[in-house]
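# Topology and contacts: notes
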Amino acid sequence: MTEALYDQSYFSRIREFSQLSPESFQAFIHFDQSVMESGILSVKLKELTAVAVAHTTGCPYCIEVHVGNLKEAGGTKEEMSEAIFVATALKAGSAAAHGVNALNAYDGESDGSLYKKEYFARIKEFSDLSGESFASFIDFDQKALKEGALTVKEKELIAVAVAHTTGCPYCIEVHIEGARKAGAIKEEVAEVIMVATALKAGSALAHGVNALNSFDS
């Protein structure tokens, strides 16, 4: 075996889980396939979301699989790039958003509740504390979420999915509101959250091929 920790050929080992843990493996495959079928959301938008989430989980196998699926579904390179930058903005944004917890911790202002809606208002303080960097992030975030090859609604739905992957409750709150304002309905939000769920679970399973490699070495 080479020293490469990730190689396209390794992914074929995922089939071994059908013998090693057949019931769980088949249950996941059924869930994953059902999630990615056309529903209220198109297969193309689901695959764009999957590509974005795969860049958040950092799974190269998932990126490879879902970029291929996206091309088959008619997605363009421009649409893919915009989805990736939504993921980039959300992953960076989750760090900035959690900064309000850091401000509370630094100032000793927590009452024991680590997340409250009202805490998010403190994010504006970063404009005084780290003005140039904060302004640059806000500019990037706004540009990543504005209409382009993808609509604002599509981008906000992708953002909702990514926010569930980063686990940022402030981001979920912001982008659920953004999706609702852009015309998304609750069923569309539910479907895109299921895509995030499948991809986050799938990244764990996909990395299982590395576990098999390590176990057998």
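Presented here is an overview of the structure given in this document. Worth saying up front: this structure is predicted, and the values here are computed from it rather than measured.

### What about helix α5 (residues 77-107)?
Taking 1.5 Å per residue, 31 residues should reach 45 Å; α5 reaches 45 Å between its end C-alpha atoms and fits that length. Taken as a whole, α5 carries its principal kink of about 25° at V100. Once α5 finishes, G108 follows within two positions and takes phi at roughly 65°, a positive value.

### Concerning the packing of aromatic side chains
Per the counting criterion, the structure on display carries five aromatic pairs. Ring geometry for F11 against Y61: centres 5.5 Å apart, planes inclined by 20°, an arrangement best described as stacked. Within this pair, whereas F11 is found in the segment before α1 (17-20), its partner Y61 is found in helix α4 (residues 60-72), the two being separated by 50 residues in sequence. What makes F11 partly exposed here is its relative accessible area of 26%.

### Observations concerning the pattern of salt bridges
Taken as a whole, this structure holds 11 salt bridges when the rule is applied. When the shortest N-O distance is used, the salt bridge between K46 and E191 registers 3.4 Å. Of this pair, K46 sits in helix α3 (residues 43-57) while E191 sits in helix α10 (residues 186-206), placing them 145 residues apart in sequence. Exposure remark for K46: the relative accessible area of 4% places this residue in the buried category. The buried category is assigned to E191, whose relative accessible area is 18%. In this structure, D139 engages K143 in a salt bridge whose closest nitrogen and oxygen atoms are separated by 3.3 Å. Taken as a pair, D139 and K143 lie in helix α7 (residues 131-145) at a separation of four residues, close to a single helical turn.

### Regarding the environment of V67
Assignment of secondary structure puts V67 in helix α4. Judged by relative accessible area, V67 falls into the partly exposed class, the value being 22%. If we skip the residues at most four places from it in the chain, V67 touches V51 and M80.

### Some details on the packing of helix α8 (residues 152-166) against α10
For the pair α8 and α10, interaxial distance at closest approach is 9 Å and the crossing angle is 45°. Viewed along their axes, α8 and α10 adopt a mutual orientation that is oblique. Our pair here, α8 against α10, has a crossing hand that is right-handed. The residues of α10 that touch α8, namely those facing K153, L157, V160, A161, H164 and T165, are E188, V189, V192, I193, A196 and K200. In terms of residue class, the contact of α8 with α10 is made up of seven nonpolar, two polar and three charged.

### Quick word on the packing of α8 against helix α9 (residues 169-181)
With their axes 8 Å apart at the nearest point, α8 and α9 run at an angle of 160° to one another. For the element pair α8 / α9, the angle class is roughly antiparallel. With respect to the hand of their crossing, α8 and α9 are arranged in left-handed fashion. Across the interface between the two elements, E156, L157, A159, V160, A163 and H164 from α8 touch C171, I172, H175, I176, G178 and A179 from α9. Tallied by class, residues from the contact of α8 with α9 come to eight nonpolar, three polar and one charged.

### A few points about the environment of S94
Residue placement: S94 occurs in helix α5. Those residues within four positions of S94 in sequence are excluded, and the remaining contacts are T166, C168 and C171.

### Overview of the nonpolar core
If you look at the biggest cluster of nonpolar residues, it comprises 56 residues, and the most contacted ones within it are L48, L90, L157, I158, V162 and L199. If one sorts the elements of this core by residue count, α5 sits on top with nine residues. With residues near it in sequence (within four places) discarded, L199 still touches A50, V53, A54, C62 and H66.

Calculation rules
Residues numbered from 1 in each chain as written. Predicted model: local features only at pLDDT ≥ 70, side-chain atom pairs only at ≥ 80, totals over all residues. Heavy atoms only, no water. Helix = DSSP H or I, 4+ residues; strand = E, 2+ residues; numbered from the N terminus. Expected span 1.5 Å × (residues − 1). Bend = angle between axes of the 7 residues up to and from the residue. Phe/Tyr/Trp six-rings, centres within 6.5 Å; stacked < 30°, edge-to-face > 60°. Buried < 20%, exposed > 50% of the residue type's maximum accessible area, 1.4 Å probe, protein only. Salt bridge = Lys/Arg side-chain N within 4 Å of Asp/Glu carboxyl O. Contact = heavy atoms within 4.5 Å. Axes fitted to C-alpha atoms, helices over the stretch in contact; angles between N-to-C directions. Parallel < 35°, antiparallel > 145°, perpendicular 65-115°, else oblique. Left-handed = near helix turned anticlockwise from the far one by under 90°. Nonpolar A, V, L, I, M, F, W, Y, C, P; charged D, E, K, R; others polar. Core = buried A, V, L, I, M, F, W, Y, C linked by side-chain atoms within 4.5 Å.

Any link to function would need more than the numbers given here.
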